[in-house]
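Structural characterization, general
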Amino acid sequence: MDKSSLYNIKEGDLGRIVSEGLKKNFEDILDDVNNKLSKDNTQEYTPTADYNPATKKYVDNSITNATKNLQQKGDYVTEDALAQTLEDYASNASVDEKLQELDIDSLAMYGVEFDKAVSSPDGTRIGNMTLHKTLPIHSLMRGCLLNDDGEVNKYLNPSDWTGETRDGSQGQVMVEVPDHWWKFVTEGTKFRPQLYIVPVSGAIYVPKYYIGANEASLQRSTSKLCSVVNTSEDYRGGNNNTEWDGTYRSLLGLPATNILRTNFRTYARNRKEGSTAWNICTYDIQKDLFWLFAVEYATLNTQKAYNATKTAEGYAQGGLGDGFTTLDWTKWTNYNGNNPVVPCGYTDSLGNGTGQIEFTMPTEYDSAIKIVSVPRYRGVENPFGHIWQWTDGINVRISPDTESGGDGLSKVFVCSDPSKFNDSNYDGYSYVGNEARTEAYVKEIIFGEGGEIMPSVVGGSSTTYFCDYHYTNIPSAETLMGVLFGGGAASGAYAGFACAASNNAPSHSDAYFGSRLCFIPEKA
């Protein structure tokens, strides 16, 4: 039988499978599904026996409690575990046929519908509304200390990391993102990122990965890229200016910058010889984090004002705020040559949470008090702004305009296999669409079946469509360009998760170009 059909189970059934440890006989569940109370029932009813019917209220409560149990235990229902349990009980055609009739999207999916014909960046939540409240995938993102073999040495205090050892001696400070599945659906002008808590036919599987909680620093003595909180000279950040140690411009404890993408990749791989598991943030991970944010907050506007209060329905609202993006370019240049400003781990008191913490600029930047907010998204500090971040696994082939002898196209090539990442060609990469060739606010992205976030059409604004800016450059000869995301400390409203810049070759470095460490477990 088709294994994918085994996952089409109803919300309450999934809740019981999870909360009871995958022990309930699956044919008993089908009896619950097929024997319901009347549609006009208004009386509270709690099933007490295996064959009692289940009300919608009971179903909703079951999956809510199941999700809470999962979060408390730190467990996750893997594809193999769920599939094996269902196969144990679904071995005949009649059961399989009934499974096929059930609607997985309304039960095991939570997503958002956006309309590119509408300028508002806000979307409409779709799927299982209970999952929008409990956020089962998001809630399993958690901070940890990861050793160089990719093993978790320790999970960090979920509410506050500042009491933890984060200097690198016990591992890299990372955020674990659990297995999940995506479908990216387009119907006319509407496009939908759909997040699934179980595998379904046609969905893209995202295996568990680890993303640096901080912008990457560099251990100078070993040339190893790091995600740590360490203020020693060996972890001097920025452009490694030793003369600034002990001054207001000290780079100790700050992220490393002024490094080529090629070298960033090498420094990440130095964490484990002969392995391609350690990388700088990949395009796939950047894309995944953006869509996780969009589904949680039901908006494309990353810089929407931060609001810690849930809606009356229990949904997340707002965004991540301006971020560290409001410095004046000239003052920043005079202050420290556009090097990083925010120490790694500045927001670690927020633990696995989302929020922002104010940062007061030194008076050497401006005699007037300048306060900037440092954002955090589920343990990931400065997911945009502060410094631009190189991404790997994406190369853009930009050709001159046709009147200059080119084809007038900027072709986007992506790769999910770290062993094939390179800065000189497109071997092992897949063409996913054409990038916009004009600098302006993003109006549309490539999207497609892979949920590509590279801009395809510009013409938006800071409050419409994607609300982020697109940078590019049309060369006089065909050129391979890398892509930086997020924006910098002076980007203002241009910055955001989907702010992309393809105007630099991978061989370019700058004081405000950094990266972020990630670990992608290698396939067995």
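Residues numbered from 1 in each chain as written. Predicted model: local features only at pLDDT ≥ 70, side-chain atom pairs only at ≥ 80, totals over all residues. Heavy atoms only, no water.

In this section: the sheet that holds strand S15 (residues 355–360). Spatially, the three strands line up as an open sheet ordered S15-S16-S17, and their pairing is antiparallel. Sheet topology places S15 and strand S17 (380–381) at the edges, where each strand pairs with a single neighbour. Bridge count between strand S16 (residues 371–377) and S17: two bridges; the pairing is antiparallel. Across the sheet, residue arginine 376 finds its bridge partner in S17, namely glutamate 381. (Pairing = 2+ DSSP bridges. Helix = DSSP H or I, 4+ residues; strand = E, 2+ residues; numbered from the N terminus.)

Let's shift gears to the nonpolar core. The biggest cluster of nonpolar side chains holds 70 residues, and the ones touching the most others in it are Ile211, Trp291, Leu292 and Met454. Examining the composition of this core, we find that 10 residues originate from one element, helix H8 (residues 283–297), more than from any other. (Core = buried A, V, L, I, M, F, W, Y, C linked by side-chain atoms within 4.5 Å. Buried < 20%, exposed > 50% of the residue type's maximum accessible area, 1.4 Å probe, protein only.)

A few words now on the pattern of salt bridges. As enumerated under the stated definition, the model contains 23 salt bridges in all. Across the salt bridge formed by glutamate 176 and arginine 142, the nearest N and O atoms sit 3.1 Å from each other. Of this pair, glutamate 176 sits in strand S5 (residues 172–177) while arginine 142 is found in strand S3 (residues 142–146), placing the two residues 34 residues apart along the sequence. Overall, arginine 142 belongs to the partly exposed group, its relative accessible area being 22%. Its salt-bridge partner being aspartate 366, residue lysine 331 comes within 2.5 Å of it at the nearest N-O pair. Separated by 35 residues along the polypeptide, lysine 331 in helix H9 (residues 329–336) and aspartate 366 in the loop between S15 and S16 bring together distant segments of the chain. By relative accessible area, which is 35% here, lysine 331 ends up partly exposed. Through salt bridges that share partners, Glu113, Glu187, Lys190 and Arg192 make up one connected network. (Salt bridge = Lys/Arg side-chain N within 4 Å of Asp/Glu carboxyl O.)

With that out of the way, let us pick up H9. Looking only at H9, the buried set comprises Trp332, Tyr335 and Asn336. Down the axis, H9 shows its buried residues gathered within 65° of arc, on one side only. For H9, the capping residue at the N-terminal end is aspartate 328, with a side-chain oxygen 3.1 Å from the backbone nitrogen of threonine 330. Once H9 ends, the next one or two residues include glycine 337, with phi positive near 65°. (Arc of directions from axis to C-beta. Polar contact = N/O pair within 3.5 Å; in protein donor to acceptor, adjacent residues only side chain to side chain.)

Here the focus is the environment of lysine 287. Within the secondary structure, lysine 287 sits in helix H8. For lysine 287, a relative accessible area of 10% puts it in the buried group. Sequence separation of lysine 287 and glycine 451 is 164 residues, and the distance between their C-alpha atoms is 7.6 Å. With residues up to four places along the chain from it excluded, the contact list for lysine 287 reads Gly450, Gly451, Glu452 and Ile453. (Contact = heavy atoms within 4.5 Å.)

On average, the protein scores 87 in pLDDT, and the residues at 70 or more come to 80%. Of the regions scoring below 50 in pLDDT, residues 1–38 engages in 102 contacts with residues more than four places distant in sequence or in other chains. Throughout residues 66–79 the model reports pLDDT below 50, and contacts reaching past four residues in sequence, or to other chains, amount to 30 contacts. (pLDDT = per-residue confidence, 0-100.)

A few words now on the pairing of strand S18 (residues 388–398). Across the 11 residues that make up S18, a large majority, 11, are buried. Inspection of the sheet shows S18 paired to strand S26 (residues 513–514) by two bridges, in the parallel sense. Note that in S26 the partner of tryptophan 388 across the bridge is phenylalanine 513. Bridging between S18 and strand S24 (residues 479–486) involves six bridges; their strand directions are antiparallel. Across the sheet, arginine 397 pairs through a bridge with leucine 480, a residue of S24. Relative to strand S19 (residues 410–414), S18 runs antiparallel, the two being bridged by five bridges. Residue pairing for S19: arginine 397 is matched across the bridge by lysine 411.

Moving on, we come to the environment of leucine 146. In this fold, leucine 146 is placed in strand S3. Considering only alpha carbons, one finds leucine 146 and glycine 212, 66 residues apart in sequence, at a separation of 10.0 Å. Excluding its chain neighbours within four sequence positions, the residues that come into contact with leucine 146 are Glu151, Val152, Gly171, Gln172, Met174, Tyr210, Trp278 and Phe519.

If you check the backbone angles, leucine 135 has positive phi at about 45° while not being a glycine. Tracing the sequence through the fold places leucine 135 in the loop between helix H6 (129–134) and S3. According to the relative accessible area criterion, leucine 135 is buried, its value standing at 3%. Residues other than glycine seldom take positive phi values, yet asparagine 240 does so here, at roughly 65°.

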